[in-house]
Amino acid sequence: MSTVKDLIGHAVDRLADDLEALSRKIHDHPELAYQEVKAATWLADYLAAQGFEVERGVAGVETAFRATVDTGRGPTVAILCEYDALPAIGHACGHNVIATAGAGAGAALAAVRDRLPPGRIQVIGTPAEEGGGGKVKLIQGGVFERVDVAMMIHGFDRWILHQDLLGIVRVGFEFTGKAAHASADPWEGVNALDAVIQTFNNVSMLRQQVRPEARIHGIVTQGGAAPNIIPEVATCTFYVRAPRLDYMWDLHARVIACAEGAARATGCALKIIDLEAPYEPLKRNDTLLDLFRANMAATGAVESPPLADRMGSSDIGNVSQIIPAIQPMVQIAPHGTPIHSRVFEAAAVSALARQGMCQAAKTMAMTTYDLLADPGLVTKARVEFEAAK
Ligand SMILES: [Zn+2]
Ligand SMILES: [Zn+2]
C-alpha cells in the first residue's frame, strides 16, 4: 500500500499540467499590487474545485483569499501564495510560480484528505508583496491569529533552504523653504532643494559608518519648478534596510538626523513622512526548515548554501515575526539569472519553472503532512520561535 507521501507526489504529477496552465495564465496577465483580481479569482476558483472552502476578500483586502480544508481538531498549517507582478517587467519575480506551487500543494493535500491526520490546511492568498504590504494588512486583519505555522516558497536561480531577508523601512522627507527669483533676489529665498541635496550628502557620509549588510538608498521625488525660482518645496524618499530590526530602526533614526541637519543648515522646515508599513527581517525556524529539507531531497532538489551579499526584503518577514514561518528558495531559472530581470520573467514559464513548481508543491504538501501527523513538531517549532525572541 502506498504511503500518504507517495500519494501526494502522484497527485501533484497528475495535476501538473493544470498547474502549469494556471501559472502561465497568471504570468501572461500581470497585475500590480492590490489589483490582482484575475489571479486571485483563478486561484480561489481552482482551490474551490479541489474541495476547499474558500473565503474571498479576507481582512477587507479584495484580492486576498483564504481556502480551508478541515479534517478535525489539530494544528493549522498555512501555505501562502503571492501573485502580484512588477511594473513594466511583469512576472520578473516569478510570483506566478509561488501562487501555483501553493495552490498545487493545497490541491495535493485535498486529494488525500481521507488519509490526512486531523488538522486544518489553509492556502492563503496574499496580495501586494512587491509594495503595499499585503501580508501586513492580513496580519492586522487577524488572518494569522489561528494559524500555527506558515510556509511559502520563492523562485530563484538555485535551491536555498533559508535566505536571510533584510528588514526595510521607507521614509519620505518634505522640505519647505521660500520661493524667490533665483537671479534678481536669491537672498530672499530659502532653498528647499539644497536641503534635499544636503540630506543625500549627509547620508553619503553616514554610509561609511554603516555595517556592510545594511542598505540605504534614496531618490529625489520633487526638486523644484523652474531654475529661475528658488525651490520652495523639495522632497525625497529613502529606503533603509538591515538584517536586524534594532539596527534597522537605529539607521532609520540616523537617516532622519541627516535630514534634520540639512533642514537646520538650510533654514527649511522639515516634514517626515512614514511611507507604508515596514517589512521585517525573516526569522529563521530550523524545526520547519529541517522537515522541508528532508522532503525537498526526496523530490530530487539539491540545496545550495545561502547568499551573504544578494538580499532583498519581503512581508513574509512580518509573518515570521509572529508565528514560525519559512520561505525556501526554489530553482526556477538557470544558475546566475538575476531576479527582477527580463530573463527571469521569461524563465518563470520555462520547463525548469514547471519542475521547480512541482517539486515545491510536493515538498510543501509533504511538510504539511508531517506537521499534521506529529503535532509535537508544531509545538517544537513554536518553542524554537519563542526561544529566539
Ligand atoms: Zn520581487
Ligand atoms: Zn518576489
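Refer to the structure printed above.
Scoring rules and cut-offs
Residues numbered from 1 in each chain as written. Chains lettered and ligands numbered in written order. Predicted model: local features only at pLDDT ≥ 70, side-chain atom pairs only at ≥ 80, totals over all residues. Heavy atoms only, no water. Donors = N, O, S within 2.8 Å, 3.2 Å for Na, K, Ca; no water. Helix = DSSP H or I, 4+ residues; strand = E, 2+ residues; numbered from the N terminus. Contact = heavy atoms within 4.5 Å. Disulfide = S-S within 2.5 Å. Buried < 20%, exposed > 50% of the residue type's maximum accessible area, 1.4 Å probe, protein only. Salt bridge = Lys/Arg side-chain N within 4 Å of Asp/Glu carboxyl O.

**Here's the deal with the coordination of the zinc ion (ligand 1)**
The coordination sphere of the zinc ion (ligand 1) contains the protein donors Cys 93 (SG), Glu 130 (OE) and His 340 (NE2), at a distance range of 2.0 to 2.2 Å. Motif for the zinc ion (ligand 1), donor spacing along one chain: C-x36-E-x209-H. The metal-metal distance between the zinc ion (ligand 1) and the zinc ion (ligand 2) comes to 3.1 Å, with Cys 93 coordinating both. One end of the pair, Glu 130, is in the loop between β4 (120-125) and α4 (134-140); the other, His 340, is in the loop between β12 (329-331) and α9 (342-347), and 210 residues separate them in sequence.

**What to know about the side chain of Asp 157**
Inspection of the secondary structure puts Asp 157 in the loop between β6 (154-156) and β7 (167-176). Setting aside its immediate chain neighbours within four residues, Asp 157 contacts Arg 310, Gln 331, Ala 333, Pro 334, His 335, Gly 336, Thr 337 and Phe 344.

**So, the state of the cysteines**
Counting across every chain of the model gives 0 disulfides. The cysteine Cys 81 is free of any disulfide, with Cys 358 supplying the nearest cysteine sulfur at 14 Å.

**Topic: unusual backbone geometry**
The phi angle at Ala 88 is positive, at roughly 70 degrees, despite the residue not being glycine. Mapped onto the fold, Ala 88 is located in the loop between β3 (76-81) and α3 (95-111). For Ala 88, a relative accessible area of 74% translates into the label exposed.

**Side note on the pattern of salt bridges**
Inspection of the entire model under this criterion finds 17 salt bridges. Linking Arg 170 and Glu 276 is a salt bridge whose minimum nitrogen-to-oxygen distance equals 3.6 Å. In this pair, Arg 170 is assigned in strand β7 and Glu 276 in strand β10 (residues 269-279), connecting sequence segments 106 residues apart. Across the pair Glu 303 and Arg 293 runs a salt bridge whose closest N-O atoms are separated by 3.0 Å. Linking Glu 303 in the loop between α7 (286-298) and α8 (316-320) with Arg 293 in helix α7, this pair joins segments that are 10 residues apart in sequence. Look at Glu 303 and you get partly exposed, because its relative accessible area is 34%. Taking the relative accessible area as the measure of exposure, Arg 293 reaches 33% and is therefore partly exposed. One salt-bridge network, in which partners are shared between bridges, spans Asp 17, Glu 20 and Arg 354.

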